[in-house]
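Observations on chain architecture
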Amino acid sequence: MRFILTRDAAEFAARTERLLAAHIECNVLATVLINVLDGAGSDGAFAYGVGDGDEVRFAALRTPPHPLLASPLDADAGAFVELWLEADPEVDRVTSVPSTARAIATAWAERTGGAARRTMAEAMHVLEVVDDPPRPASGELRTADAADRPLLVEWMRDFATEAGVAGSAQAAAMVDARMRRDGLLVWDDGQPVSMVGVTPEVAGVVRIGPVYTPPALRRRGYAGSAVAAASRRALVQGAHQCMLYTDLDNPTSNKIYAEVGYRRVGDWEEIALDRASE
């Protein structure tokens, strides 16, 4: 496979469109790219891998401070990592399906003398039909509006901190980008009590997340009811599937989403790339 590096998001989008639409494992990459093309993360780096017949078989991007995000890679990761380090030597995390994340991390460690360690293990889940929550919560789902913005920025920051993911400092920009596309919903029970993100549809798939309920309002069924309603809304609007990711160390969220119809179809990992001491 021959790897090509670019800073041109439009070129990357044009070359990788078919690949990103064909594989559910590429959904996150595809929706991040949509945001980049919409004006967010303009300092990103992009790469794609070309096989026989000029067919694009691999895609990767990074928009700092977020991790390197890669599609499944069916070739030696060494050549990709060498090329990537030319453009982005400060890369500090990689996220993908486990085999790809580990292969890239191993190649990075071999070339830099650093060490790799897994920081997150997630499961991918999909749904085609929504089941009603066994304990429906009071309230209803609605699209977030301008009056909700300060609270949602706070919740987005809290979500990033609690989940241990990048984005706390960018919470306001993330909320604004999602709200421009009606991509943030709230469960309202006299007041907003839970937040649910929804991504633009890619190849018939809408991804649900992040999902956040403040600690004081948990264990009341808000998250399960909100996810069920958001998923049903996406299917009614034309999506064929919904998907979401869960932290495998959080059995509560895995149980809640299974109860409304999500089934596990794969795994995902994030691996930290720790530099060697000077």
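Everything that follows concerns the structure shown earlier in this document.
This report concerns the structure included in the present document.

Definitions and cut-offs
Residues numbered from 1 in each chain as written. Predicted model: local features only at pLDDT ≥ 70, side-chain atom pairs only at ≥ 80, totals over all residues. Heavy atoms only, no water. Disulfide = S-S within 2.5 Å. Buried < 20%, exposed > 50% of the residue type's maximum accessible area, 1.4 Å probe, protein only. 1 Å grid on protein atoms, 1.4 Å probe; cavity = no way out; pocket = protein on both sides within 12 Å on 5 of 7 lines; lining within 4 Å. Points joined across faces, edges and corners; volume = space filled by probe spheres on them. Helix = DSSP H or I, 4+ residues; strand = E, 2+ residues; numbered from the N terminus. Nonpolar A, V, L, I, M, F, W, Y, C, P; charged D, E, K, R; others polar. Axes fitted to C-alpha atoms, helices over the stretch in contact; angles between N-to-C directions. Parallel < 35°, antiparallel > 145°, perpendicular 65-115°, else oblique. Left-handed = near helix turned anticlockwise from the far one by under 90°. Contact = heavy atoms within 4.5 Å.

1. As for the state of the cysteines
One pass over the full model with this rule turns up zero disulfides. C26 forms no disulfide, and the closest cysteine sulfur to it belongs to C242, at a distance of 18 Å. The buried category is assigned to C242, whose relative accessible area is 0%.

2. Regarding empty space enclosed by the protein
Going through the model one piece at a time under the given rule, you end up with one cavity of 30 Å³ or more. Of the volumes computed, that of the largest cavity is approximately 60 Å³. Every residue lining the largest cavity is listed: L68, F80, V81, W84, L85, V91, I104, W108 and L273. Elements that contribute at least two residues to the lining of the largest cavity include exactly α3 (77–87) and α4 (98–112). Looking at side-chain class alone, the lining of the largest cavity contains nine nonpolar, no polar and no charged residues.

3. Here's the deal with the packing of helix α5 (residues 149–163) against helix α6 (residues 171–180)
One way to put it is that α5 packs onto α6 with a least axis distance of 8 Å and a crossing angle of 120 degrees. Here α6 runs oblique to α5, going by the angle between their axes. Here α5 and α6 pass one another in a crossing that is right-handed. Two secondary-structure elements touch here, α5 through R149, L152, V153, M156 and R157 and α6 through A171, A172, M174, V175, D176, R178 and M179. Its residues assigned to classes, the contact of α5 with α6 shows eight nonpolar, no polar and four charged.

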